[in-house]
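# Working through the structure, step by step
If you want the building blocks of each chain, they are given just below.
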Amino acid sequence: MKLTSGLLGAAALAASTGTAALAERGSDGHLNILYWQAVSIMNPFLSGGTKDVHAASMVIEPLARYDDGGQLIPWLVTEIPTVENGGISADLMSITWKITPGLKWSDESDFTADDVAFTAGYCMNPDGGCQQLTKFSDVDSVEALDPLTVKVNFSKPKPFPYGPFVGMESPVIQKAQFENCVGANAPNCTAENFAPHGTGPFRVADFKANDVVSFEANPHYRDAAKPGFATVTFKGGGDAAAAARAVLETGEFDYAWNLQIDPVILAQMEAAGRGKVAAAFSNSVERLMVNLTNPSPDLADARSTLEGGPHPFLTDPAVRRALSVAIDRGTLAEVGYGFAGQPTCNVVTAPDYNMSTANDECLVQDVAKANQILDEAGWSRGADGVRSKDGVRLSILFQTSTNAVRQDTQALIKAWWEEIGVETELKNVDAAVFFGGDQSSPDTYQKFYADIEMYTNLFPGTDAETYMTNWTCGEIPNPSNNWLGFNMPRYCNPNYDALVTKLASTSGTETRGEIVKQLNDMLMQEGAMIPLINRGTTIGHANSLEGIRLNAWDSHLWNIADWTRAK
Amino acid sequence: MFNYTLRRLIFTVPVLLFISFIIFLLLDLAPNDPTGNLPMTIPPEVREKIRVSLGLGEPIHIRYLLWCKQFFINEPLNILEQVTGWTIGDGERLRVRSWSTRSPVVDLIVERLPQTLWVVGLSYVVGILIAVPIGVLSAYRQYSWFDQIGTFISMIGFSVPTFFTGVLMIVVFSVGLGWFPSIYDTTHEVTNWESFIYQLRQMAMPVFVLALYTAAQISRFMRASMLDNLNQDYVRTARAKGLTEKTVVLVHVLRNSLIPVVTVIALGVPQVFGGAIITEQVFKVNGLGQLLITGIQGADIPLVQTLTFIFAVLIVLFNLVADILYGLLDPRVRYE
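Computed from a predicted structure; not experimentally measured. (Residues numbered from 1 in each chain as written. Chains lettered and ligands numbered in written order. Predicted model: local features only at pLDDT ≥ 70, side-chain atom pairs only at ≥ 80, totals over all residues.)

### Points about the packing of helix α1 (residues 2–29) of chain B against helix α12 (residues 301–329) of chain B
If you want to describe how two helices pack, look at the angle between their axes and the distance between the axes. Residue and element names in this part refer to chain B. It is at 10 Å that the axes of α1 and α12 come closest, and there the two elements cross at 155 degrees. Accordingly, the angle class assigned to the pair α1 and α12 is roughly antiparallel. Here the hand of the crossing between α1 and α12 comes out right-handed. Counting all contacts with α1, which are made through T5, R8, T12, V15, L16, I19, S20, I23, F24 and L27, the residues of α12 involved are I301, V304, Q305, T308, F309, A312, V313, V316, L320 and I324. (Axes fitted to C-alpha atoms, helices over the stretch in contact; angles between N-to-C directions. Helix = DSSP H or I, 4+ residues; strand = E, 2+ residues; numbered from the N terminus. Parallel < 35°, antiparallel > 145°, perpendicular 65-115°, else oblique. Left-handed = near helix turned anticlockwise from the far one by under 90°. Contact = placed C-beta atoms within 7 Å.)

So, in structure tokens, the structure goes:
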């Protein structure tokens, strides 16, 4: 007993003091990763699908990325450029990155500023159909000043210039490999798209599209002691429940991604003792969008547009507040998401400097108060128990995408709303149609031919500027812009728009955070949406797998070089 | 017979063209969008650019004709080049490319064929091997306990869906007993005895699940066909001649009863190539069925179009094969 604990102590000491000295590249053997959506392609510029971006992040890397605390950290550069250190020009028109000397591609050639500049040209090519184009918005040009210095010039002052080459969606690809794959040729480069050269800890050994990717350690990786694993199998297919089973119950796989299944079943699987479940939270908020315009079918083409006029009752603040207070978010989180859900009253929930505390009234369900609010506002119950005022009945059509958890949530909310005298009709639409944006379909979330709709949205990284722009007047989906735009509530407030414009010219994380808070509070208090649950991403991993730092801001596999197997 | 075959083959050309057009129309009219599964953080303008870069900006008849050219001219030429090593033209021609992987669809299909043929094909063979003896014995001893049990099992095979039996098997044999892996390893290569055993272990559950279904179907056909024949006059004649019971049943009755069963088996072969969508998904076999379902989910129209069309070709061809086999096996049937 004494000997064992002594040995354990020694081992722990060794682990804490000298891992780098002891570890050797590939000494931990083989790692099995299971994503229930199979990887289609290893080029994130041609596929924005999360699974493709995650798999590619093992091979190709950005200049800087977010760590698990949401902090921007240098990755292939010596430091994060700021106005203070001169990396960002005083007029906010450019940002200059200094590349770490000595970096090599997996084919042993040097990683240079030319590769970075080429990557920008590759994605910004108008014929390439680049799926990460937003990362390069307002970029005027990217120039390589010398082999280790690259300068990004913007077409207007950019207070948050960390778009290009930051985060998993914007990695650097090798110029020598992709030179002939620009523009319309991009999709034809099958070999390149399946096995890009990278600077990351692994390289592709074999790629079976939509099935399995085999990786091996990159012999030219910058840290000679990493990665810990020599080979990785990245399997795809099946469903979330099967993936959870393979890690938590049978132990065939070491890591499984996105285990969005019934929390009770997940807890039972975890009880088998082979693995653990973990969740990471960022800004994925499941919310009810409130239609502030009239969705009545009688309006024909003017349905759910500003021209069609205001909503008959959802424009009444009392109704929206009552609807929100009547919901028990704790129960919704428990029933649908387990420990991957946290009740929230805000649409921006992280990082801390963005988070408002002004709306926390809704965290506690209070049906009596909701009833009182409606009584006071003059909505009185009819013979059938449904409230009405001046001939307008509180009758809601509530739509969402088809998904077991969402249908449970719908049913619960319907029951609570009936308690406060609001009649609710539920509707669900297949996700491919609901989110599909087909112009001819009346069931898309943009057309919003309903009173309330529910889905999740989020913003990548930590800066909310683009996200907050979603609720400006110009972003309202309507027939003239082909129903594009994310302002589903059709919220239009000149003060909000002015504040967004101010955000676009303000620099400094904390100051920007203050404005984001104000914007969030305006949206909440003026009832554009009713937030429900802050959704985490759940993963499962084997007990023996160590070094995982689950990251909600970047790729889950961002630090896979540090992963090891417990001995 | 030859004239008949030729006539049928020529007639399949317009049929298949018609089918390809219908598939194309159906896929085009379906409310689906290749950018629908992308994260919401990708804005609508970028989505529109992606759609245009996929060729969705062109009108439907242009897209259909382009697919026809790619599928009926370019792809066969490519296969010809690969098989013979010749170079026809400049070798640069547009191939049918999947939207999600951006790689040629035909290459994807070739990559998927081995696991589908191994798992689904083997289950078909195993299913037939089980079904024929069960059918024969059930008919010969009609209403015996063996017949009753056979009927019961085939009813289970018929009526219990594979997504239930599959998951049940995983829970019992993978989670509970730990005998078989629940996830099929498509990168596994058979090089020695141990890896062969592993291959058998990973194939065991999907093959069993599918074989149960096949066996259930075919054993019923076999039993019914045997029963028809056992009451025929020629059987009584054979017995009266003093032939042994074994010869009567296994030579005279069985051979005649197999005629309709063989055609049923031939008609079922295209299903093998079509893969088993659900079973492949349950066991992560990732063959043609899984390829089709991911294509459908991701609105990968070129992939779905090409796969469904190949299935259509196989169904039409094996219908013809079944008709010809019928003529060959049964001298009473003649096509002129």
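### Some points on the sheet that holds strand β5 (residues 139–146) of chain A
All names here are of chain A. Ordered in space as β4-β6-β5, the 3 strands form an open sheet in which the pairing is antiparallel. The sheet is open, and its two edges are formed by β4 (94–98) and β5, each paired on a single side. On average, each strand axis in the sheet is inclined to that of its neighbour by 15 degrees, with strand direction left out of account. Here β5 pairs with strand β6 (residues 149–154) via 6 bridges, running antiparallel. Of the residues in β6, the one forming a bridge with D146 is T149. The sheet contacts of helix α3 (residues 113–124) involve β5 and β6, and relative to β5 the element is tilted by about 160 degrees. (Pairing = 2+ DSSP bridges.)

### Quick notes on the confidence of the model for chain A
Per-residue confidence for chain A gives a mean pLDDT of 88; residues scoring 70 or more make up 96%. Every residue in residues 1–21 of chain A is under pLDDT 50, and counting partners more than four places away or in other chains gives 2 contacts. (pLDDT = per-residue confidence, 0-100.)

### Here we look at the domain arrangement of chain A
All names here are of chain A. Partitioning chain A into structural domains gives domain 1 (9–280 + 538–565) and domain 2 (285–460 + 523–535). One C-alpha centre belongs to domain 1, the other to domain 2; they are set 36 Å apart. Each side of the interface is counted separately: domain 1 has 8 residues, and domain 2 has 7 residues. When residues in the side of domain 1 that touches domain 2 are grouped by element, the largest group, 3 residues, is from helix α7 (residues 263–270). Taken together, the residues of the side of domain 1 that touches domain 2 break down into 4 nonpolar, 3 polar and 1 charged. (Domains from an automatic or database assignment. Nonpolar A, V, L, I, M, F, W, Y, C, P; charged D, E, K, R; others polar.)

### What about the sheet that holds strand β15 (residues 392–393) of chain A?
All names here are of chain A. The 3 strands are arranged β13-β14-β15 in an open sheet whose pairing can be described as antiparallel. In this open sheet, the two strands that pair with only one neighbour each are β13 (380–381) and β15. Judged from the 2 bridges that link them, strand β14 (residues 387–389) and β15 form a sheet pairing that is antiparallel. When the bridges of β15 are listed, K389 appears paired with V392.

### Regarding the interface of chain A and chain B
In this complex, chain A contributes 46 residues to the contact, which on the side of chain B involves 39 residues. Residue assignment for the side of chain A that touches chain B shows that the elements contributing at least two residues are α5 (190–194), β7 (202–208), β8 (212–217), β9 (231–236), α6 (240–249) and α12 (431–434) of chain A. In terms of residues, the side of chain A that touches chain B owes the most to one element, α6 of chain A, which gives 3 residues. A breakdown of the residues in the side of chain A that touches chain B according to their chemical character gives 15 nonpolar, 22 polar and 9 charged.

### Some points on the nonpolar core
In globular proteins that are soluble, nonpolar side chains generally tend to be buried together. Residues and elements named next belong to chain A. L34, L63, V247 and A256 are the most contacted members of the largest nonpolar core, which has 204 residues in total. The residue makeup of this core includes at least three contributed by each of domain 1 (9–280 + 538–565) and domain 2 (285–460 + 523–535). With residues near it in sequence (within four places) discarded, L34 still touches K235, A243, A246, V247, F253, Y255 and A256. (Core = buried A, V, L, I, M, F, W, Y, C linked by C-beta atoms within 7 Å. Buried ≥ 20, exposed ≤ 12 C-beta atoms within 10 Å, placed from the backbone.)

### Brief notes about the UniProt feature "transmembrane region" (unreviewed entry) in chain B
All names here are of chain B. UniProt annotation of "transmembrane region" (unreviewed entry) refers to residues 9–30, 117–140, 152–176, 196–216, 258–278 and 309–329 when read in the numbering used here. Between the C-alpha atoms that bound residues 117–140 the distance is 34 Å, and the span itself is 100% helix and 0% strand. In residues 309–329, helix accounts for 100% and strand for 0%; the two terminal C-alpha atoms are 30 Å from one another. (UniProt positions renumbered as here; feature names shortened; annotations may be inferred.)

### Things to note about helix α9 (residues 329–336) of chain A
All names here are of chain A. Of the residues making up α9, those classed as buried are R329, L332, A333 and G336. Seen end-on, α9 carries its buried residues on one side only, within an arc spanning 95 degrees. For α9, the secondary structure elements touched by its buried residues are β12 (341–343), α11 (404–419) and β19 (529–542). In the segment just after α9, G338 is the residue with positive phi, at about 60 degrees. (Arc of directions from axis to C-beta.)

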